Amino acid sequence: MIPLGGLGDIGRNMAVLEHRGQLLLIDCGVLFPEDDHHPGVDLILPGFDAISDRLDDVVGLVLTHGHEDHIGAVPYLLRQRPDLPLFGSKLTLALVQEKIREHRIRGAQLRTVADSERVNVGRFDLEFVAVNHSIPDALAVFVRTSAGTVLHTGDFKMDQLPLDGRITDLRAFARLGEEGVDLLMIDSTNAEVRGFTTPERDIGPALDRVFSTSRQRIIVACFASHVHRVQQVLDAAVAHGRKVVYVGRSMVRNMGVARDLGFLHVPGDTLIELRDIENYRPEDVVIISTGSQGEPLSALSRMANREHPVIALEPGDTVVLASSLIPGNESAIYRVINGLSRQGARVVHKGNALVHVSGHAAAGELLYCFNVIRPRNVMPVHGESRHLIACGDLAVATGVARDRVILAEDGTVVDLQQGRARTVGSVDAGYIFVDGASVGDISEASLKDRRILGEEGFISVITVISTHSAKIVSGPEIHARGFVEDDHVFDPVIKLIVSDLEAALADGVEDSYQLQQIIRRRIGRWVSDAHRRRPMIIPLVIQA
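Fair warning: this is a prediction, and the values are worked out from it, not measured in the lab.

Moving on, we come to the nonpolar core. Ranked by internal contacts, the top residues of the largest apolar core, which has 37 residues, are L25, F48, L61, V74, L77 and L86. Listed by contribution, the elements that provide at least two residues to this core are strand 1 (2–5), strand 2 (14–19), strand 3 (22–26), strand 4 (43–45), strand 5 (58–62), helix 2 (74–78), helix 3 (90–102) and strand 21 (432–435). Ranked by residues supplied to this core, first place goes to helix 3 with 6 residues. Those residues in contact with L25, other than ones at most four positions away along the chain, are M14, A15, V16, I51, V58, G60, L61, V62, L77 and L84. In terms of nonpolar packing, the next biggest core, distinct from the first, is built from 29 residues, I26, F128, V381 and L388 among them.

What follows is the structure, encoded as structure tokens:
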């Protein structure tokens, strides 16, 4: 087993299982970039490079559910091998199909599976188990091989009163535990949260209170894949006599898919088009929008920045952020909340009302699973380091030996042999950055340059020299961007640069690169001493 993402981050979930020369992939998601650490990056992919030369050995990709951090990278993998077989539930594959169509990929092989179904994929015997999550039709997968068995839970919780009536199949978990689970790869996101996750049904009264106290428009922002939450908003809108409009391309697409497949029930004459919104009074409208994580180009962010082409917020409007706060998005979300508040909107969020519950099992639910399944080895997945460690501690508390809890990182190679899991090495599973049409061309060094440009500024120094006379013909001319307003602040260092260059030329130094390095060192030291800054410095020496 080799995790290629999802261990240490909330996102880009992907694992590789290798058995007798064949590879089985589980999930293929994206990680959303952080503004401060990944400037200009659109998406971050799992470590495909670790298997790029072995894609012909891949017998299938199992997708546990339809969230972006589990399916978002599928089109990028299919670019390398379009005919790779995909296995998933009806809703999951329908959402993937939309992505494949958007990326114009042909030849994809989609195989729909259902809970309790058992299929052979190469040398892997797969059995799928129903699990409850914040998106319908989620699945766990039990993998049988001649070398041992693995149960991968995917993302799950144990809501006993789910909106769709589909609970996590603990009977199947117990049955598989009796058969023998050599390795349990288990969702760890909420391992630090005590007790049990709040049921989705408890959100209904909170939404009803929001609708009852709102006298103008209501804007609800949530994930474009959160079908359950959209269903609750639709039900509340109908109960209070409001029309509903979807805003955001992914929201319109995903809810259309969910409705067509019967996972979303929309009463007749409820939906209206965005272009018709001005025909209704503000108190008769509910807007369901993307942008709950503060994404810069999302519909909600554009509203907060007064940039949306159709929707202009008015004092008294109510905005509901019906989602969790993904680590790393805090600044972007608070920036959106402040922008909405400045326009007079009332902002309701998880911090001041019960408008969202997690889709991940809390500590109490994880303890139940460990006791029911009784795994021989445990490998926490889907979480930051603190989540993985907390999940491992829960496993130990239920009787799993400490040395049978594998706290892995992305790229860790774990061998399962004769019922024992051991860490045996590692492979490179670093970030692959998507920047516009570029995939994998952006390096950490490029991002470092971008961060320097954004935080410290840019200085260029242009000098013309004569190699015949060994003298400076023109310059140095210094120009700065994002550093200071007036270039005259560099007057003191110009004399120092001239002195250094004349000394070097007198010593017979004529190489442009060496002269540029002299300039870089001199101005770099001066800027650091005088201004406590480390801008990007680009010296240019022209030989005349």
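Let us look at the sheet that holds strand 14 (residues 243–247). The 5 strands are arranged 14-15-13-16-17 in an open sheet whose pairing can be described as parallel. Sheet topology places strand 14 and strand 17 (346–348) at the edges, where each strand pairs with a single neighbour. Put simply, the sheet's adjacent strands are angled 20° from each other on average, direction ignored. The pairing of strand 13 (residues 218–221) with strand 15 (residues 285–289) spans 4 bridges and is parallel. Opposite V220, over in strand 15, you have I288 as the bridge partner. Lying over the sheet, helix 5 (residues 203–213) contacts strand 13, strand 15, strand 16 (318–321) and strand 17, oriented at roughly 170° with respect to strand 17.

Our next topic: the sheet that holds strand 6 (residues 85–88). Taken together, the 6 strands give an open sheet; going across it, the order is 1-2-3-5-6-7, and neighbouring strands pair in mixed fashion. A strand with exactly one partner marks an edge of an open sheet, and here the two such strands are strand 1 and strand 7 (109–112). Each strand of the sheet is rotated relative to its neighbour by a mean of 25°, with strand direction disregarded. Bridging between strand 5 and strand 6 involves 2 bridges; their strand directions are parallel. For L61, the partnering residue across the bridge sits in strand 6 and is L86.

This part takes up a nonpolar patch on the surface. On the surface, a cluster of nonpolar side chains totalling about 210 Å² of accessible area is made up of I462, L540 and I542. Position of L540 relative to the elements: it lies in strand 25 (residues 536–543).

Moving on, we come to the pairing of strand 23 (residues 458–466). Every regular strand shows the same layout, with side chains that alternate between the two sheet faces. Taken across its 9 residues, strand 23 has 7 buried, putting it largely inside the fold. Here strand 23 runs beside strand 24 (residues 471–481); their pairing, made up of 8 bridges, is antiparallel. The partner of I462 across the bridge, within strand 24, is E477. The turn linking strand 23 back onto strand 24 is made up of 4 residues, and A470 within it adopts a positive phi angle of 55°. Pairing geometry for strand 23 and strand 25, over 8 bridges, is parallel. Looking at the pairing, F458 lines up with M536 of strand 25.

Along the chain, D9 turns up in the loop between strand 1 and strand 2. Overall, the relative accessible area of 18% leaves D9 in the buried class. Considering only alpha carbons, one finds D9 and E409, 400 residues apart in sequence, at a separation of 9.9 Å. Beyond its immediate sequence surroundings of up to four residues, D9 is in contact with L31, G383, E384, D410 and Y431. Only 2.6 Å separates the side chain of D9 from the side chain of Y431, close enough to count as a polar contact.

Our next topic: empty space enclosed by the protein. Taken as a whole and judged by the stated rule, the model has 2 cavities of 30 Å³ or more. Computed from the structure, the largest cavity encloses a volume of approximately 110 Å³. Taken together, 16 residues make up the lining of the largest cavity; nearest its centre are G5, N13, M14, H152 and V381. Elements supplying a minimum of two residues to the lining of the largest cavity: strand 1 and strand 2. Within the lining of the largest cavity, the residues separate by chemical class into 7 nonpolar, 7 polar and 2 charged. If you add up the space inside the second largest cavity, you get close to 30 Å³. Lining the second largest cavity are E68, I71, L95, K99, R253 and N254. Taken together, the elements giving at least two residues each to the lining of the second largest cavity come down to helix 1 (68–71), helix 3 and helix 7 (249–260).

Reading the values: rules and limits
- Residues numbered from 1 in each chain as written.
- Predicted model: local features only at pLDDT ≥ 70, side-chain atom pairs only at ≥ 80, totals over all residues.
- Heavy atoms only, no water.
- Core = buried A, V, L, I, M, F, W, Y, C linked by side-chain atoms within 4.5 Å.
- Buried < 20%, exposed > 50% of the residue type's maximum accessible area, 1.4 Å probe, protein only.
- Helix = DSSP H or I, 4+ residues; strand = E, 2+ residues; numbered from the N terminus.
- Contact = heavy atoms within 4.5 Å.
- Pairing = 2+ DSSP bridges.
- Axes fitted to C-alpha atoms, helices over the stretch in contact; angles between N-to-C directions.
- Patch = residues over 30% accessible without salt bridge, like charges linked within 9 Å, V, L, I, M, F, W, Y side chains within 5 Å.
- Areas by Shrake-Rupley, 256 points an atom, 1.4 Å probe, with all protein chains shown as cover.
- Salt bridge = Lys/Arg side-chain N within 4 Å of Asp/Glu carboxyl O.
- Polar contact = N/O pair within 3.5 Å; in protein donor to acceptor, adjacent residues only side chain to side chain.
- 1 Å grid on protein atoms, 1.4 Å probe; cavity = no way out; pocket = protein on both sides within 12 Å on 5 of 7 lines; lining within 4 Å.
- Points joined across faces, edges and corners; volume = space filled by probe spheres on them.
- Nonpolar A, V, L, I, M, F, W, Y, C, P; charged D, E, K, R; others polar.

No statement about biological role is implied by the geometric values presented.
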